[in-house]
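Structure assessment
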Amino acid sequence: MPSVFVVGSLNADHVIPVPRLPRPGETLMGRDLALFPGGKGANQAVAAARLGARVLMVGRVGPDRLGDLLLGSLRAAGVDTVAVERARRPTGVALIQVLPGGDNAIVVSPGANAVLTPAAVRAGLSAVCPGDIVLCQLESPLEAVCEALRTAKIRGATTVLDPAPAQRRLPERLWRTVDIQTPNASEAAILLGRRHGDPGRTLRGLLALGPPAAVLTLGEDGAWVATGNRSQHVPSMPVKALDTTAAGDTFNGALAAGLSDGLDLVEAARFAAVAAAISVTRPGAQSSCPSRGDVDSWLAEQSRPDVVPREYGATLDRDL
């Protein structure tokens, strides 16, 4: 079975539920602070591991208790942390305000994540083989991300880029090494320099950046998967959202796990959509990632002859 290598950030998430976002200069009373292991890279690594993939994480934490917390969470999920080293910077921190409907506002202090170097990435990916999956985001230094994708392509791996936090005008050398990009609607708008509109137009713009495949995630509206001149819509699973903090990370980790398990891109996106929907019904980041059993149980329920299929069950195929 191919492995999943995740190159990315590790953060300690400090989460405060709030009735609304504060205005400039305003002090707003929230509910009790909760501390969760997080960071886009670490969240995606945990999601992939809990869903059955063999996962190795490449990143940095600080020489502090928050670093201990993050390493412990990864190891508990079954992630190999041999390539997560201690830096002389504090562990990265995210300050997250969660609104009653589950939406959130996040500020990140990168800390140790900011000193992940291209040399460290090359060393961390030394065991990558043809057919493996290498998953990256943009919370790490851009040079490290570019090196991770370049190294992965040289070694014959499938590369997946979650372009978050989104940046305008990423270098061409990066796009040339990406097989699958997975932006959400707001990230796609930043990448393309225009408002998100018709998914078909957005997908055409994303493919024009260079990668041969794109997965455009739309939250409760599901996802669109595009390759060549065809696109398919994968609807979302209807749930009541409690906390959307790691929904995108769960989707990306699940997508990588599905690909490593031999699913094609549409099947992997369908698998990922279920995992992400389950995650928003739970609080926190890594603590919300479902197990393989959780996802398989839901999919098995939908395939029973005595169960009326939900809207989620079908995909819509159309030309781009």
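See the structure above.
Now for a quick tour of the structure. (Residues numbered from 1 in each chain as written. Predicted model: local features only at pLDDT ≥ 70, side-chain atom pairs only at ≥ 80, totals over all residues. Heavy atoms only, no water.)

**Quick notes on the environment of Leu28**
- By secondary structure assignment, the location of Leu28 is in the loop between strand S2 (11-17) and strand S3 (34-38).
- Residues Leu28 and Val18, spaced ten residues apart in sequence, show a C-alpha to C-alpha distance of 7.9 Å.
- Ignoring anything within four residues of it in the chain, the contact list for Leu28 reads Val18, Pro19, Arg20, Leu21 and Pro22. (Helix = DSSP H or I, 4+ residues; strand = E, 2+ residues; numbered from the N terminus. Contact = heavy atoms within 4.5 Å.)

**Some details on the nonpolar core**
- Among the nonpolar cores identified, the biggest contains 51 residues, and Val55, Phe251 and Leu255 are the most heavily contacted of them.
- A per-element tally of this core places helix H9 (residues 265-279) first, with twelve residues.
- Leave out the neighbours within four places in its chain, and Leu255 touches Val160, Thr182, Leu265, Ala268, Ala269 and Ala272.
- Judged by nonpolar contacts, the second largest core, of 37 residues, contains Val134, Leu174, Leu191 and Leu206. (Core = buried A, V, L, I, M, F, W, Y, C linked by side-chain atoms within 4.5 Å. Buried < 20%, exposed > 50% of the residue type's maximum accessible area, 1.4 Å probe, protein only.)

**Here's the deal with the packing of helix H1 (residues 40-50) against helix H8 (residues 247-260)**
- Two elements in contact, H1 and H8, have axes separated by 7 Å at closest approach and are oriented at 50°. Considered as vectors, H1 and H8 are oriented oblique to each other. Here H1 and H8 pass one another in a crossing that is right-handed. For the pair formed by H1 and H8, the contact residues are Lys40, Asn43, Gln44, Ala47 and Ala48 on the first element and Asp249, Thr250, Asn252, Gly253 and Ala257 on the second.
- Of the residues that constitute the contact of H1 with H8, the class distribution is three nonpolar, five polar and two charged. (Axes fitted to C-alpha atoms, helices over the stretch in contact; angles between N-to-C directions. Parallel < 35°, antiparallel > 145°, perpendicular 65-115°, else oblique. Left-handed = near helix turned anticlockwise from the far one by under 90°. Nonpolar A, V, L, I, M, F, W, Y, C, P; charged D, E, K, R; others polar.)

**Here's the deal with helix H6 (residues 185-192)**
- Counting buried positions along H6 gives six out of eight residues, so the element sits mostly inside the fold.
- Close packing links the buried residues of H6 with helix H5 (172-175), strand S10 (180-181), helix H7 (199-208) and strand S11 (213-217).
- Of the residues one or two after H6, Gly193 is the one with positive phi, at around 70°.

**Description of the pattern of salt bridges**
- Inspection of the entire model under this criterion finds twelve salt bridges.
- Among the salt bridges present, the one from Arg20 reaches Glu26, with a minimum N-O distance of 2.6 Å.
- Among the ionic pairs, Arg292 bridges to Asp296, the shortest N-O distance being 3.3 Å. Within this pair, Arg292 and its partner Asp296 are both found in helix H10 (residues 292-303), separated by four residues, close to a single helical turn. (Salt bridge = Lys/Arg side-chain N within 4 Å of Asp/Glu carboxyl O.)

**A closer look at the pairing of strand S4 (residues 54-61)**
- The element S4 is largely enclosed, with a buried count of seven among its eight residues.
- Inspection of the sheet shows S4 paired to strand S5 (residues 80-86) by five bridges, in the parallel sense. What sits directly across from Gly59, in S5, is Val84.
- After leaving S4, the chain enters helix H2 (residues 65-76) and then returns to the sheet as S5, a path that is right-handed. (Pairing = 2+ DSSP bridges. Right-handed = clockwise from strand over helix to strand, strands pointing away.)

**Considerations on the sheet that holds strand S6 (residues 92-98)**
- With mixed pairing, four strands are arranged side by side in an open sheet as S3-S2-S6-S7. For this open sheet the edge positions go to S3 and strand S7 (104-109), each flanked by a neighbour on one side alone. Going from strand to strand, the sheet's axes swing by 25° on average, the running direction of each strand aside.
- Of the pairings in the sheet, the one linking S2 to S3 comprises five bridges and is antiparallel in character. Paired with Asp13 across the strands is Phe36, a residue of S3.
- Where H2 meets the sheet, it contacts S2, S3 and S6, and its direction lies at approximately 60° from that of S3.

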